[in-house]
Amino acid sequence: MMTVNEISKLTGVSIRTLQYYDKIGLLKPTGYTESGYRLYDDTALEMLQQILLFKELEFPLKEIKEIISRPDFDRNKALKQQIELLTMKKEHLENLIDFARGIQFIGVKTMDFSVFDTKKIDEYAKQAKEQWGKTPEYKEFEQKSQKRSKEEDQEIMEKFMQLFADFGKVKESKPDSADVQSQVQKLKDYITENFYKCSNEILLSLGQMYASGGEFTTNIDRVGGTGTAEFTAEAIRIYCNKC
C-alpha cells in the first residue's frame with residue numbers, strides 16, 4: 001500500500017488532483033491510515049493508469065468515470081487506442097521539430113502551415129470516443145445508471161461480485177456441470193437486468209476479459225479465491241458454445 005504522497009511522486013499526479021478524483025468518485029483510495037491519510041494498492045494504481053490513458057484520448061472526467069465503471073470495460077482495447085494516438089502525436093511532434101530546425105538553419109522560404117494540422121489526431125480521438133460512447137449497450141447502461149442512486153449502484157455491484165463469490169464456491173466442480181452452468185445463466189441474467197442486454201457474444205467477451213489479468217481478475221479472485229476468474233471464463237465459454 002502506498003500513501004497519497006508516494007503515489008503523487010511516483011505518477012506525477014498532484015496530491016490535489018488525487019484528492020479531487022476521490023471527491024468525484026473517479027478513483028477511491030483502497031483504505032486509510034490511522035491518521036486518516038489515503039492509501040492505494042496495485043489495483044488502484046492500474047485504475048489510475050486507465051484514467052490517465054483516457055485523459056490522453058481527451059475524454060472528460062465524467063465520461064472516464066462512466067466507462068471504467070462498466071462491467072465490460074476492455075483494458076486492452078483502451079491501451080490499443082492509446083498506443084495509436086500516441087504514435088500519431090509522435091509523428092506530429094517529429095514533423096514540428098523538423099520544421100523548426102529548418103527555420104533555425106536555413107530560414108523559411110514559404111509560408112507552410114501544414115505541419116501544424118492536427119485533424120488526423122482529432123479525428124482518431126473522436127472515433128475512439130464514439131466507439132465507447134455510442135454502442136447500444138453503453139446507451140442502455142447509461143440510461144439505467146442515471147436512474148439509480150449511489151447507494152443503489154453500490155448494492156448492485158456488491159450483488160454482482162457475490163455472483164463471482166458463488167462461482168468460487170463451486171470451482172472444484174466441472175465447469176460443464178449443471179450447477180455451474182446454472183450459475184453462468186444467473187450471471188448473464190443479472191447483467192441484462194442491471195446493466196445492458198447481455199448476448200452470448202458479449203458474455204463470451206466478458207469471460208475472456210475476466211481471465212485476462214489485471215483489475216477484473218484480481219477482484220474476482222479476491223472474492224472467490226485464486227483461480228475463480230479462469231474457472232468462470234471456462235464455464236462461460238462452455239455455456240456460449242452450447243447455446
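Description of the structure in this document. Only a predicted model underlies this, so the values are computations on that prediction, with no experimental measurement involved. (Residues numbered from 1 in each chain as written. Predicted model: local features only at pLDDT ≥ 70, side-chain atom pairs only at ≥ 80, totals over all residues. Heavy atoms only, no water.)

### Concerning the pattern of salt bridges
Enumeration over the complete set of coordinates arrives at seven salt bridges. Between K169 and D166 there is a salt bridge, with the nearest N and O atoms lying 3.6 Å from each other. Of this pair, K169 and D166 both sit in helix α8 (residues 150-169), three residues apart, which is roughly one turn of that helix. Accessibility expressed as a relative area gives 65% for K169, which makes it exposed. Judged by its relative accessible area of 23%, D166 falls in the partly exposed class. Connected through shared salt-bridge partners, D22, K28 and R38 make up one network. (Salt bridge = Lys/Arg side-chain N within 4 Å of Asp/Glu carboxyl O. Helix = DSSP H or I, 4+ residues; strand = E, 2+ residues; numbered from the N terminus. Buried < 20%, exposed > 50% of the residue type's maximum accessible area, 1.4 Å probe, protein only.)

### Comments concerning the packing of aromatic side chains
Inspection of every chain in the model, using the stated rule, returns six aromatic pairs. For the pair Y190 and F195, a centre-to-centre distance of 6.4 Å together with 70 degrees between the ring planes defines the contact as edge-to-face. For Y190, a relative accessible area of 13% puts it in the buried group. Three or more aromatic residues joined by ring pairs form one cluster here, namely F160, F164, F167, Y190, F195 and Y210. (Phe/Tyr/Trp six-rings, centres within 6.5 Å; stacked < 30°, edge-to-face > 60°.)

### Overview of the packing of helix α9 (residues 178-194) against helix α10 (residues 200-210)
Where α9 meets α10, the closest approach of the two axes is 11 Å, and the angle between their N-to-C directions is 110 degrees. Classed by the angle they form, the pair α9 and α10 counts as roughly perpendicular. Of the residues in α10, those in contact with V184, L187, K188 and I191 of α9 are N200, L203, L206 and Y210. (Axes fitted to C-alpha atoms, helices over the stretch in contact; angles between N-to-C directions. Parallel < 35°, antiparallel > 145°, perpendicular 65-115°, else oblique. Contact = heavy atoms within 4.5 Å.)

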